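Coordinate analysis (summary)
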Amino acid sequence: MILAQEEYNPVLPHTSEIIIGLIAFLLLLFVMTKFVKPRFEKLYEERAAKIEGGIEKAEKAQAEAEQALAQYKAQLAEARSEAAKIRDDARAEAEQIKEELRAQAEEEARRIVAQGEAQLQAQRAQLVAELREDLGRNAVLLAGRIVGESLEDEARRRGTVDRFLSELEASGAAGARK
């Protein structure tokens with residue numbers, strides 16, 4: 001009775017409990033490895049694939065965004081250079097228009113001056129003719145009073161006036177030469 005001599009130890013379980021616990025543990029381990037573990041593995045792989053796919057999509061989106069940014073910058077630079085070209089062309093065109101307007105204004109000024117000179121020459125010729133006529137009339141009157149006869153005859157009067165004026169011009173030109 002060795003068994004009877006041994007006392008019951010409450011800390012140590014009975015052997016039958018250990019065997020039943022071991023069988024239950026192995027059964028639980030089998031169910032976990034057969035059904036639960038593959039399901040967890042599948043979920044884990046799906047989650048990892050989604051994360052990797054998300055990372056790949058993010059990297060792809062980032063690469064596309066960088067490409068779009070580079071394209072935008074290139075278009076912006078092209079637009080700026082085109083704007084500068086348009087601005088330079090506009091300046092050149094404005095300068096050309098300014099030169100054309102200046103040339104037109106100068107031509108118009110020359111035309112106006114020439115027209116004014118021609119008008120002045122015409123007025124001068126008219127004034128000279130009027131003065132000659134007045135001078136001739138006055139000369140004929142004075143000459144008629146001095147000579148004592150009438151110089152009313154038109155042909156005679158013109159001849160006398162023209163001769164007088166010619167002599168006057170000749171003496172004026174001779175005096176200017178000395």
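This report concerns the structure included in the present document. This structure is a prediction, so every number in the text was calculated from the model and none was measured.

**Observations concerning the pattern of salt bridges**
Tallied over the entire structure, the rule returns five salt bridges. Taking the shortest distance from any N to any O, the salt bridge between Arg-91 and Asp-88 comes out at 3.7 Å. You can see Arg-91 and its partner Asp-88 sitting in helix H2 (residues 15-147), three residues apart, about one turn around the helix. A relative accessible area of 43% places Asp-88 in the partly exposed class. Close ionic contact of Glu-95 with Lys-98 constitutes a salt bridge, the shortest N to O distance being 3.9 Å. Placement of both Glu-95 and Lys-98 in helix H2 is noted, with a separation of three residues, approximately one turn of the helix.

**With respect to a nonpolar patch on the surface**
A contiguous nonpolar patch, built from Leu-22, Phe-25, Leu-26 and Leu-29 and spanning about 400 Å² of accessible area, is present on the exposed surface. Examined against the element boundaries, Leu-29 turns out to sit in helix H2. When its relative accessible area of 41% is taken as the criterion, Leu-29 is described as partly exposed.

The rules we used
Residues numbered from 1 in each chain as written. Predicted model: local features only at pLDDT ≥ 70, side-chain atom pairs only at ≥ 80, totals over all residues. Heavy atoms only, no water. Salt bridge = Lys/Arg side-chain N within 4 Å of Asp/Glu carboxyl O. Helix = DSSP H or I, 4+ residues; strand = E, 2+ residues; numbered from the N terminus. Buried < 20%, exposed > 50% of the residue type's maximum accessible area, 1.4 Å probe, protein only. Patch = residues over 30% accessible without salt bridge, like charges linked within 9 Å, V, L, I, M, F, W, Y side chains within 5 Å. Areas by Shrake-Rupley, 256 points an atom, 1.4 Å probe, with all protein chains shown as cover.

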